[in-house]
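Okay, here's what each chain looks like letter by letter:
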Amino acid sequence: MSFLEKMKSRYTVKKYNPQGTISEEQIQQLKEILHLSPSSINSQPWNFVFVSDPETKALLAEASYFNKEKVLDGSHLIVFQALKNPEDFEKQIEENLPEGSVTYYKTFVKPKGKAEIRSWLKHQVYLSLGVLLSACADMGIDSTPMEGIETEKYDAILKNEKYESVFAVVIGVKSEEDKNQPVHTPKRRLERQHVILEI
């Protein structure tokens, strides 16, 4: 099956099979794929927290609004986090990036102030979401991206002090009863001419 066909068949899973698991080999591949995600100036202001421990998943499920059942029944929950403190980010890039990249940040991003810096850092994390969802589609892994989480409660549970949770993704094996499958609920997108423009 071509990648295009796989993307046509991927969808946001609403109900998982609690007996379904993702192999350790596939998990390691996803970790490596996320590690290779692109970011502006190669900034990489992120952590990707893979959660499979049932007790931790249960705690996070309680902080996931209407996504609770998905978190509990999925194989893994991946929490995407961004560095909170611009000073920590500056230290990281000064230690790891070439001078030109650091200069770009200090010239074009830093002058905008702390709120804009934190927004910019979170935007980098979103780039990795597209990479993960595409990888899952290619590997035949079912997934559910979720902004519907209580990020402050996630942070308190995960205790990753320098980072803040931005969103999460459940991965696992869909339930055959999931009514959101394209066979039951066909994909709906705007007409292509409204979103794909040519100049």
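Residues numbered from 1 in each chain as written. Predicted model: local features only at pLDDT ≥ 70, side-chain atom pairs only at ≥ 80, totals over all residues. Heavy atoms only, no water.

Going by the annotation in an unreviewed UniProt entry, the name recorded for the chain is Nitroreductase family protein, with Chryseobacterium urinae given as the source organism. The Cofactor (unreviewed entry) comment attached to the chain in UniProt states, word for word, "FMN". (UniProt positions renumbered as here; feature names shortened; annotations may be inferred.)

Caption draft 1: Structural detail: the overall build of the chain. The number of helices and strands found in the chain is nine helices and four strands. Sequence-ordered secondary structure for the chain, helices as α and strands as β, is α-α-β-α-α-β-α-α-α-β-α-β-α. Its C-alpha atoms give the chain principal-axis dimensions of about 50 × 50 × 30 Å. Counting only residues that meet the buried cut, the chain has 41% of its 199 residues in that class. (Helix = DSSP H or I, 4+ residues; strand = E, 2+ residues; numbered from the N terminus. Buried < 20%, exposed > 50% of the residue type's maximum accessible area, 1.4 Å probe, protein only.)

Caption draft 2: Spatial organisation of the pairing of strand β2 (residues 76–83). For β2, the tally of buried residues reaches eight of eight residues, placing the bulk of the element in the interior. Here six bridges tie strand β1 (residues 46–51) to β2, and the two strands are oriented antiparallel to one another. Across the sheet, the residue bridging to Phe-50 is Ile-78, located in β2. In this structure, β2 lies alongside strand β4 (residues 163–172), joined through eight bridges in antiparallel fashion. Paired with Ile-78 across the bridge in β4 is Val-169. (Pairing = 2+ DSSP bridges.)

Caption draft 3: Layout of the packing of helix α3 (residues 54–62) against helix α8 (residues 151–158). Where α3 contacts α8, the axes come no closer than 9 Å and their chain directions differ by 160 degrees. As far as their axial angle goes, α8 and α3 are roughly antiparallel. Handedness of the α3/α8 crossing: right-handed. Along its contact with α3, which presents Thr-56, Leu-59 and Leu-60, the element α8 presents Tyr-154, Ile-157 and Leu-158. (Axes fitted to C-alpha atoms, helices over the stretch in contact; angles between N-to-C directions. Parallel < 35°, antiparallel > 145°, perpendicular 65-115°, else oblique. Left-handed = near helix turned anticlockwise from the far one by under 90°. Contact = heavy atoms within 4.5 Å.)

Caption draft 4: Representation of the sheet that holds strand β3 (residues 142–146) within the structure. The antiparallel open sheet is built from four strands, whose spatial order is β1-β2-β4-β3. Unpaired on one side and paired on the other, β1 and β3 mark the two borders of the sheet. The average angle at which neighbouring strand axes cross in this sheet is 25 degrees, direction not considered.

Caption draft 5: Representation of the UniProt feature "domain: Nitroreductase" (unreviewed entry) in the chain in the model. The UniProt record marks residues 8–172 with the feature "domain: Nitroreductase" (unreviewed entry), using the residue numbering of this structure. Along residues 8–172 the backbone is 52% helical and 18% strand, and the end-to-end C-alpha distance reaches 19 Å.

Caption draft 6: Fine view of the environment of Gln-19. The residue Gln-19 is located in the loop between α1 (3–9) and α2 (24–35) in this model. With relative accessibility at 67%, the residue Gln-19 sits in the exposed group.

Caption draft 7: Examining the pattern of salt bridges more closely. Across all of its chains, the model carries nine salt bridges by this definition. The partner of Lys-6 in a salt bridge is Asp-138, with the nearest N and O atoms 3.2 Å apart. On the criterion of sequence distance, the pair formed by Lys-6 in helix α1 and Asp-138 in helix α7 (residues 114–139) is long-range, its members being 132 residues apart. The exposure class assigned to Asp-138 is partly exposed, which follows from its relative accessible area of 39%. (Salt bridge = Lys/Arg side-chain N within 4 Å of Asp/Glu carboxyl O.)

Caption draft 8: Geometry of the nonpolar core. With 21 residues, the main nonpolar core has Leu-30, Ile-78, Phe-80, Leu-132, Ile-141, Val-169 and Ile-171 as its most contacted residues. Contributions of two or more residues to this core are made by α2, β1, β2, α7 and β4. The element that contributes the greatest number of residues to this core is α7, accounting for seven residues. Other than its neighbours up to four places away in sequence, Leu-132 contacts Leu-30, Leu-34, Ile-78, Phe-80 and Val-169. Counting 16 residues, the second-largest nonpolar core is a separate cluster that includes Tyr-11, Ala-61, Met-146 and Ile-149. (Core = buried A, V, L, I, M, F, W, Y, C linked by side-chain atoms within 4.5 Å.)

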